[in-house]
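Listed below are the residues making up each chain.
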Amino acid sequence: MQSPKQQQRHLKLGAFFHPTGHHVAAWLDEGSQIDAGTNFEHYIRLTQTAERAKFDLVFLADAIATRDGNVEALSRWPQYMAYFEPLTLLSALAAVTKNIGLVCTATTSYNEPYHIARKFASLDHISHGRAGWNVVTSSNASEAFNFGRDAHYGHSERYERAGEFVDIVKSLWDSYDDDAFVRDRSTRRYFEPSKLHFLRFKGKHFSVRGPLNVARPPQGYPVLFQASASDTGKELAAKIAEVIFTPLHDLEKGQAFYKELKDDAARYGRSWDDVIIMPGLNPIVGKTHKEAVEKERYFQSLIHPDVGKELLSYALGGVDLNNIDIDEPLPDHIISPEDRKTNPRLSYLFKEKLTVRQMYEKFGGARGQRTVAGTANEIADQMEQWFVGRAVDGYLIQPPQLPAGLDEFIDQVIPILQERGLFRTEYEGSTLRENLGLKRPASSYTSASR
Ligand SMILES: Cc1cc2nc3c(=O)[nH]c(=O)nc-3n(C[C@H](O)[C@H](O)[C@H](O)COP(=O)(O)O)c2cc1C
């Protein structure tokens, strides 16, 4: 059943910034900022542009290791090789923006909850309530080698650890009640002692006494994001995630995912409005449909074969593609005909008979996310159809190149969404929660005592 609030819903939009753009070869085009990863002015420009267009948030992904693999290929593909630590970058961007949400990844696999609670609480104070945390369990297995381990945690252990981690972080954010700081010179009392709480947590993975040495964040808790695809990951999302970035490619499957996730969240006492489904969308905008398709084709043609083979090898589970002809189909001895049919992760690559080059081009640019190439009207139509059809509440826009791809989307697609009444022309509030329409959580200590 629809609540009155749902009937008047507006699209939520995030802008996902990979330094030179989402497409692996975007940096080769002149519309990209070539030194983007460590160019602060580039990020100021992007974030202020997204804020002028009234995006809900900017999102920065993260790994705490470079990509692993063939260095020849890595040297032709800058993503994740040299770029700013995102919490540091977002703190600096907070000072030059006012309304836009500032969201980044921090892994629960190679961090301690106290560090993460403290850093996101600080960002929330610095930005006056605009922080968001994308909770991950590290998709880059080589992070293990930078943190005293020989191998990455197994998948279920990662998620078990993540569940405990998030519970601790939320409790640490509640260390001080909202009104703990009386700062009264006349009584010489800075904070009310009864309003400070020690956590004294001892669990399977962590032991944390607390309290946190930061006041409760302006949003209560910074907004929690998640992008899991597995059943274990989706269970954690149902429990804790307020915004979900999991990729969706098909309208009907998207509608099923939307309902499933919101219903699962209800099992944890959460309402449909407490969870926002916001999958990635790669918009490739052209003046005509033909121009957009040609632009996509052009980006694909820029992918160096070493990079393409590296991407494909990774997607196929680390197979050796060194001595194969990329203009021939993939030989059977590399992936058996049975595996092509039965492995759901691979079957979409083998639906048609493609050469190796066509295979890596098929997913290389969007890296598993949905691409829509077309005119601004066609892109807006697609966005509207999925939104009205309740497969999504919004989109994480992933421009193929930056800054040009962001400018094109903002100049051409956003005005159409606004004319159709699908997207805001002014921010509704000043915090990320207010703009996303999410409730401010009460402290677990004060709500328990009510
Ligand atoms: C939009 C998006 C952003 C993501 N950002 C990160 C990230 O910054 N760091 C990371 O380690 N994993 C990231 N992931 C990976 C997911 O957190 C997740 O591990 C992946 O989708 C596989 O799902 P699973 O963990 O449930 O198996 C991202 C995924 C998506 C779709």
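Further up the page is the structure itself.
The model shown is predicted, which means the values in this text are computed figures rather than measured ones.

How each quantity is defined
Residues numbered from 1 in each chain as written. Predicted model: local features only at pLDDT ≥ 70, side-chain atom pairs only at ≥ 80, totals over all residues. Heavy atoms only, no water. Phe/Tyr/Trp six-rings, centres within 6.5 Å; stacked < 30°, edge-to-face > 60°. Lys NZ or Arg CZ within 6 Å of the ring centre and 35° of its normal. Helix = DSSP H or I, 4+ residues; strand = E, 2+ residues; numbered from the N terminus. Buried < 20%, exposed > 50% of the residue type's maximum accessible area, 1.4 Å probe, protein only. Contact = heavy atoms within 4.5 Å. Axes fitted to C-alpha atoms, helices over the stretch in contact; angles between N-to-C directions. Parallel < 35°, antiparallel > 145°, perpendicular 65-115°, else oblique. Nonpolar A, V, L, I, M, F, W, Y, C, P; charged D, E, K, R; others polar. Near = heavy atom within 4 Å. Polar contact = N/O pair within 3.5 Å; in protein donor to acceptor, adjacent residues only side chain to side chain. Areas by Shrake-Rupley, 256 points an atom, 1.4 Å probe, with all protein chains shown as cover.

Draft legend 1. Region of the structure containing the packing of aromatic side chains. Tallied over the entire structure, the rule returns 19 aromatic pairs. Here the aromatic residues F120, W133, F165, W173, F206 and Y221 are joined through ring pairs into a cluster of three or more. Note that R370 overlies the ring of W386, its terminal NZ or CZ placed 3.7 Å from the centroid.

Draft legend 2. Structural detail: the side chain of Q226. Take Q226: it is sitting in strand 7 (residues 223-226). The buried category is assigned to Q226, whose relative accessible area is 1%. Those residues within four positions of Q226 in sequence are excluded, and the remaining contacts are N134, V135, Y159, G233, L236, A237, I240, A241, V243, I244, F245 and T246.

Draft legend 3. Region of interest: the packing of helix 6 (residues 155-173) against helix 7 (residues 231-240). The contact between helix 6 and helix 7 brings their axes to 10 Å, and the two run at 10°. Classified by the angle their axes make, helix 6 and helix 7 are roughly parallel. Every residue of helix 7 that contacts helix 6 at H155, Y159, A162, G163, V166, D167 and K170 is listed here: T232, G233, L236, K239 and I240. Split into classes, the residues belonging to the contact of helix 6 with helix 7 amount to five nonpolar, four polar and three charged.

Draft legend 4. Structural view of the site of the ligand. The environment of the ligand is formed by 20 residues, the closest being D62, T105, S139, Y159 and S230. At 2.9 Å from an oxygen atom of the ligand is found a side-chain nitrogen or oxygen belonging to H155. Protein chains bury 85% of the 620 Å² of accessible surface belonging to the ligand in isolation. Within the residue set of the shell around the ligand, elements represented by two or more residues are strand 4 (131-136) and helix 6. For the shell around the ligand, the residue count by class is 10 nonpolar, nine polar and one charged.

In short, geometric facts, not functional conclusions.
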